[in-house]
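What follows is each chain in one-letter form.
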Amino acid sequence: GQYLQNQLNIAWQKAEHEQTAVSHDTRNGIYLEFKSDPNSELALKSLENLPKRIRLLNVREKTETITSGDDGEETKIITIYATVFVPHTQKMFFLDRLEKYVKSVNEDMPEAKPKNAKLVDSISGIRNALLDSFWTDLSEPPPTEDTEWIEVWLSSDEADVIHDFEELLNEQQIEVRDGYIKFPERVVKVIYANRSQLEKLTAKSDHIEIGRAHV
């Protein structure tokens with residue numbers, strides 16, 4: 001619990017420093033990535049709270065094969081990563097849950113489960129989200145410096161969110177196809193961008209999910 005508290009505090013400090021160093025007028029929060037223990041599940045429902053505008057944006061699995069022993073026995077290790085947007089106003093949401101967990105553990109009551117144990121025990125690490133954290137196309141990795149057609153999913157269909165994102169694309173001089181595809185509470189824009197441009201978009205928008213365009 002204390003280890004995760006430290007990681008979460010570091011993530012907030014890093015995000016706040018970056019947002020102070022660069023003008024991010026449209027940013028109202030930060031993106032965090034939660035990591036599971038190997039071959040364990042994350043408590044995904046506990047990572048989202050829509051009334052508080054805490055949104056679970058992406059869940060991905062990473063599979064590794066480890067060979068061990070003289071007989072070359074192979075073991076598959078699956079790790080789950082979840083990308084979560086947390087508004088600045090909800091900075092204490094996860095910190096409070098970790099604090100209550102640590103406090104109840106320190107009370108040394110072996111007959112009772114620590115508070116928030118289902119959530120905290122499922123997490124092995126917390127960090128600031130990277131570009132890979134947003135990538136929804138599990139079959140192929142994110143682009144490098146080669147420019148590609150990319151589907152950017154916005155986690156809101158509100159007109160001001162679409163307008164702000166289109167302004168951001170114009171500011172970054174990113175080529176974009178006309179129009180967008182609208183779903184309930186989701187909007188898809190197709191853009192022509194490379195890794196560096198995508199990283200800048202995720203640094204300046206609160207509403208991004210990303211995947212390669214099928215063209």
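Residues numbered from 1 in each chain as written. Predicted model: local features only at pLDDT ≥ 70, side-chain atom pairs only at ≥ 80, totals over all residues. Heavy atoms only, no water.

Quick notes on unusual backbone geometry
Move 1: For arginine 53, which is not glycine, the phi dihedral falls at a positive 65°.
Move 2: The phi angle at glutamate 185 is positive, at roughly 65°, despite the residue not being glycine.
Move 3: With respect to the helices and strands, the residue glutamate 185 is situated in the loop between β7 (181-183) and β8 (186-193).
Move 4: Judged by its relative accessible area of 56%, glutamate 185 falls in the exposed class. (Helix = DSSP H or I, 4+ residues; strand = E, 2+ residues; numbered from the N terminus. Buried < 20%, exposed > 50% of the residue type's maximum accessible area, 1.4 Å probe, protein only.)

What about helix α6 (residues 195-204)?
Move 1: By the burial criterion, the buried members of α6 are Gln197, Leu198, Leu201, Thr202 and Lys204.
Move 2: Next to the buried residues of α6 lie β1 (29-36), α4 (131-134), β5 (148-154), α5 (159-171), β8 and β9 (208-212).
Move 3: Residue asparagine 194 occupies the N-cap position of α6, its side-chain oxygen lying 3.2 Å from the main-chain nitrogen of serine 196. (Contact = heavy atoms within 4.5 Å. Polar contact = N/O pair within 3.5 Å; in protein donor to acceptor, adjacent residues only side chain to side chain.)

A look at the pattern of salt bridges
Move 1: Counted according to the given criterion, the structure contains eight salt bridges.
Move 2: The partner of arginine 60 in a salt bridge is glutamate 33, with the nearest N and O atoms 2.8 Å apart. Separated by 27 residues along the polypeptide, arginine 60 in strand β2 (residues 55-68) and glutamate 33 in strand β1 bring together distant segments of the chain.
Move 3: Given a relative accessible area of 13%, arginine 60 falls into the buried group.
Move 4: With relative accessibility at 2%, the residue glutamate 33 sits in the buried group.
Move 5: Taking the shortest distance from any N to any O, the salt bridge between arginine 186 and glutamate 209 comes out at 3.3 Å. Placement of arginine 186 in strand β8 and of glutamate 209 in strand β9 is noted, with a sequence separation of 23 residues between them.
Move 6: Given a relative accessible area of 8%, glutamate 209 falls into the buried group.
Move 7: Here the salt bridges share partners, and the residues they tie into one network are Glu33, Arg60 and Arg127. (Salt bridge = Lys/Arg side-chain N within 4 Å of Asp/Glu carboxyl O.)

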